[in-house]
Amino acid sequence: MSTDLNQSEPPLEVDARTVKSLLDEGADLLLIDCREPAERAICSIEPSLFLPMREIPERLSELEPHRNRHIVVHCHGGIRSLQVTQWLRRQGFNNVQNLSGGIDAWSLQIDNSVPRY
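Residues numbered from 1 in each chain as written. Predicted model: local features only at pLDDT ≥ 70, side-chain atom pairs only at ≥ 80, totals over all residues. Heavy atoms only, no water.

### Remarks on the sheet that holds strand β5 (residues 96-99)
Here comes step 1: Taken together, the five strands give an open sheet; going across it, the order is β1-β5-β4-β2-β3, and neighbouring strands pair in parallel fashion. The outermost strands of the open sheet, each flanked by one partner alone, are β1 (13-14) and β3 (49-50).
Here comes step 2: The sheet contact formed by strand β2 (residues 29-33) and β3 spans two bridges and is parallel. The partner of Asp33 across the bridge, within β3, is Phe50. (Pairing = 2+ DSSP bridges. Helix = DSSP H or I, 4+ residues; strand = E, 2+ residues; numbered from the N terminus.)

Structure (structure tokens):
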């Protein structure tokens with residue numbers, strides 16, 4: 001009898017360089033921006049689906065078609081998106097990760113044209 005404890009789940013967090021590499025390779029990756037509209041107006045990582053944290057429970061059905069895709073969630077610094085990542089995993093989205101350091105890390109490590117705030 002196997003004691004496999006869902007080894008198919010990726011690590012809870014992923015760094016900005018790895019996400020950039022996946023995007024550059026054309027991986028089937030859904031990037032979710034869970035920040036607030038005012039934050040999104042300042043900057044964004046494209047392509048990303050804008051889905052504010054507070055709206056995710058009521059809009060969960062919009063994510064259903066993406067249940068089996070690799071999903072990376074980001075916010076400003078990685079705290080809210082970690083909460084969203086954990087919540088989505090509890091909803092059965094097993095291939096979801098948090099962008100460690102959020103869009104701030106993206107700006108510092110990947111694209112300095114993305115304004116920091």
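That shown, we press on.
### Examining the packing of aromatic side chains
Two measures describe an aromatic ring pair: the distance that separates the ring centres and the angle between the ring planes.
Here comes step 1: Scanning all chains against the criterion turns up zero aromatic pairs.
Here comes step 2: Over the face of the ring belonging to Phe93 we find Arg67, whose NZ or CZ atom lies 4.2 Å from the ring centre. (Phe/Tyr/Trp six-rings, centres within 6.5 Å; stacked < 30°, edge-to-face > 60°. Lys NZ or Arg CZ within 6 Å of the ring centre and 35° of its normal.)

### Remarks on the nonpolar core
Here comes step 1: Counting residues in hydrophobic clusters, the biggest one holds 14 residues, and the most contacted among them are Ile32, Leu63, Ile71, Val73, Leu88 and Phe93.
Here comes step 2: Listing elements by their share of this core, those giving two or more residues are β2, α3 (60-63), β4 (70-74) and α4 (79-90).
Here comes step 3: Setting aside anything within four residues of it in sequence, one finds Ile32 in contact with Leu49, Leu51, Leu63, Ile71, Val72, Val73 and His74.
Here comes step 4: If you look at the next biggest cluster of nonpolar residues, it comprises 13 residues, including Ala16, Leu29, Cys43 and Val114. (Core = buried A, V, L, I, M, F, W, Y, C linked by side-chain atoms within 4.5 Å. Buried < 20%, exposed > 50% of the residue type's maximum accessible area, 1.4 Å probe, protein only. Contact = heavy atoms within 4.5 Å.)

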